[in-house]
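Residue-level listing of the chains:
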Amino acid sequence: MPRMIYDYTKSVLERVSFDPVLFCKELRKAIKNLLPYEIEQLRKWLNNFTTERPELQQYLSIVN
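Quick caveat: nothing in here was measured; it's all calculated off a predicted structure.

Another aspect to go through is the packing of helix α1 (residues 4-15) against helix α3 (residues 36-49). Remark: α1 packs on α3, axes separated minimally by 11 Å, with the N-to-C direction vectors making an angle of 30 degrees. The orientation of α1 relative to α3 falls into the category roughly parallel. When the axes of α1 and α3 are compared, the crossing they make is right-handed. Residue-level contacts link Ile5, Tyr6, Thr9, Lys10, Leu13 and Glu14 of α1 to Glu38, Gln41, Leu42, Trp45, Leu46 and Phe49 of α3.

Right, dumping it as C-alpha cells:
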C-alpha cells in the first residue's frame, strides 16, 4: 500500500500552485517527509505538472 503522504503532498502542491513562494515552501517540506523513491515519483509528477506553469519550473531544482 503506497504511503498516503505522497498523495497528500501532490494535493497540497496543486492547491498552492497559485503562489510560487508558497509552492516552494511546501515543496521543501515535502522533500523532508518523503522516502527516496517517493521523491523520484514526485520529480516525475512535477515535470508534468509544471509544464503549463512556467513560473513554478524554477523550483524543480529543489527536487533534483
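Moving on: the packing of aromatic side chains. Summed over the entire model, instances satisfying the criterion amount to two aromatic pairs. With 6.5 Å between their ring centres and 15 degrees between their planes, phenylalanine 23 and phenylalanine 49 make a pair best called stacked. In this pair, phenylalanine 23 sits in helix α2 (residues 20-33) while phenylalanine 49 sits in helix α3, placing the two residues 26 residues apart along the sequence. Residue classification places phenylalanine 23 among the buried residues on the basis of a relative accessible area of 1%. Taking the centre distance of 4.7 Å and the plane angle of 15 degrees together, the rings of tryptophan 45 and phenylalanine 49 count as stacked. Here tryptophan 45 pairs with phenylalanine 49, and both are found in helix α3, just four residues apart, close to one helical turn. Each member of the pair tryptophan 45 and phenylalanine 49 is classed as buried. The rings of Phe23, Trp45 and Phe49 are connected pair by pair, giving a single aromatic cluster. Taking NZ or CZ as reference, arginine 53 lies 4.0 Å from the ring centre of phenylalanine 49, over its face.

Criteria and cut-off values
For every chain, the first residue of the written sequence is number 1, and numbering continues from 1 onward in sequence order. Local features in this predicted model are restricted to residues whose pLDDT is 70 or higher, and side-chain atom pairs enter the listing and the counts only when it is 80 or higher, whereas totals over whole chains, interfaces and linings include all residues. The basis for every side-chain value is the complete set of heavy atoms in the structure, and neither hydrogens nor water enter the calculation. Axis definition: a line fitted to C-alpha atoms, over the contacting stretch in the case of helices. Angles run 0 to 180 degrees between N-to-C directions. Helix numbering and strand numbering both begin at the N terminus, where a helix is a DSSP run of H or I of at least 4 residues and a strand a DSSP run of E of at least 2. Oblique is the label for any angle not under 35 degrees, not over 145, and not in the 65 to 115 range, which are roughly parallel, roughly antiparallel and roughly perpendicular in turn. Definitions for this section: a left-handed crossing has its near helix turned counterclockwise from the far helix by less than a right angle. A right-handed crossing has that turn clockwise. When checking whether two residues touch, look at their non-hydrogen atoms; a contact exists if any pair is within 4.5 Å. Centres within 6.5 Å make a pair out of two Phe, Tyr or Trp rings, where for Trp the six-membered ring is used; the pair is then stacked when the planes are under 30 degrees apart, edge-to-face when over 60, and tilted otherwise. Whether a residue is buried, partly exposed or exposed follows from its accessible area with a 1.4 Å probe, protein chains only, as a fraction of its type maximum: under 20%, in between, or over 50%, in that order. A positively charged side chain is recorded as over a ring if its NZ (Lys) or CZ (Arg) lies within 6 Å of the ring centre. The angle to the ring normal must also be within 35 degrees.

Taken by themselves, the reported measurements are silent on function.
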